[in-house]
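The residues making up each chain are set out below.
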Amino acid sequence: MDWERLRHRWPNAAYSRFVQAEGVRWHVQQAGTQGPRVLLLHGTGASLHTWRDILPGLAQRAQVLAVDLPGHAFSSLAPGDGMSLPGMARGLAGLLKTLNWQPDAWVGHSAGAAIAAEMVLTQGWQPQVLIGINPAWLPLPGLAGLLFPPAAKLLALTPFVPGWFARQASSPGMVEKLLQSTGSTLDAEGTALYALLVASPSHAQGALSMMAAWDLSAGRQTLRALRCPVRMLVGGQDRTVPPSLAVSALPWLQDGQLATWPDFGHLVHEEAPKDTLDHLHRHLLLE
């Protein structure tokens, strides 16, 4: 995606900059000068714009870093196995080392929560809390979990598919249908931002590459190995990651808690940003 062309449209662009690390040109947003360091990680197919209504308020009491994952929005694709779960965790750790920025807390949405958990374990960090919003820590149930990664791999390796997907996804009414399929209802600005994302072949390539490389078969072992407090926030209407998976994750956590908001879907933090910000403040001990 072309930053110079779209920067005037992008939320919180004044906080944006680009950092080279681990073979990736990362787009990051950094805000706040005091308080704990909080890393925000979005999920597959999204971008750091998902925190557009969270980041400014959180930065009033914390030092906040939001990142576009490799291949998403304005960050470049990662080389080698860098689009896999371990690869993304390793790449992000390299980015944090380059920035000399060690988080005190992680907040991850969907697949971003899985990356956060992987980073905590592989780097030996002990954060004050790891917060997963509709976390994708466990394999999807049924045929979806079996067929989705191979299908994504096939699509990602077919040269014309990302462009075709972007054209299809940007057709009239398609973005609204895609968002409806998550169980969430967004405002006009939120919908317009996702429309910009899905219209980008490079973003489609990044999302497909990430899905193709994803493997959550060790998710239960990862959860069991976590020693930090883990707090989950789940939208009860989530049609992307079944809320039942968060319930299944609880017994594997040494110190886990689950809050379910029944009226919201997979993008609960975009549907209810003020309530989500209050929720984060409580669990980050910022009140």
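Heads up: the structure comes first, above all this text.
Reading the values: rules and limits
Residues numbered from 1 in each chain as written. Predicted model: local features only at pLDDT ≥ 70, side-chain atom pairs only at ≥ 80, totals over all residues. Heavy atoms only, no water. Phe/Tyr/Trp six-rings, centres within 6.5 Å; stacked < 30°, edge-to-face > 60°. Helix = DSSP H or I, 4+ residues; strand = E, 2+ residues; numbered from the N terminus. Buried < 20%, exposed > 50% of the residue type's maximum accessible area, 1.4 Å probe, protein only. Lys NZ or Arg CZ within 6 Å of the ring centre and 35° of its normal. Contact = heavy atoms within 4.5 Å. Axes fitted to C-alpha atoms, helices over the stretch in contact; angles between N-to-C directions. Parallel < 35°, antiparallel > 145°, perpendicular 65-115°, else oblique. Left-handed = near helix turned anticlockwise from the far one by under 90°.

(A) Geometry of the packing of aromatic side chains. The full count for this structure, using the stated rule, is five aromatic pairs. On the numbers, 5.1 Å between centres and 85 degrees between planes, the contact of Trp10 with Phe74 is edge-to-face. Placement of the pair is Trp10 in the loop between helix H1 (3-6) and strand E1 (16-21) and Phe74 in the loop between strand E4 (63-67) and helix H3 (85-99), with a sequence separation of 64 residues. Exposure class is identical for Trp10 and Phe74. Each is buried. Seen in terms of ring centroids, Trp261 and Phe264 are 6.4 Å apart; in terms of plane orientation they differ by 65 degrees. Their pairing is edge-to-face. Taken together, the ring pairs in this structure connect Trp3, Trp10, Phe18 and Phe74 into an aromatic cluster. Note that Arg25 overlies the ring of Phe18, its terminal NZ or CZ placed 4.0 Å from the centroid.

(B) Looking closely at the environment of Trp106. In this structure, Trp106 sits in strand E5 (residues 105-109). Between the C-alpha atom of Trp106 and that of Ala116, which follows or precedes it by 10 residues, the distance is 6.4 Å. Not counting residues within four places of it along the chain, the set of residues in contact with Trp106 comprises Leu39, Leu41, Ala116, Met119, Val120, Trp125, Pro127, Val129, Leu130 and Ile131.

(C) A look at the packing of H3 against helix H4 (residues 111-123). Remark: H3 packs on H4, axes separated minimally by 9 Å, with the N-to-C direction vectors making an angle of 70 degrees. Classified by the angle between their axes, H3 and H4 sit roughly perpendicular to one another. The two elements H3 and H4 cross, and the hand of that crossing is right-handed. Note on element contacts: H4 touches H3 through Ala114, Ile115, Glu118, Met119 and Gln123, opposite Leu85, Pro86, Met88, Ala89, Leu92, Ala93 and Leu96.

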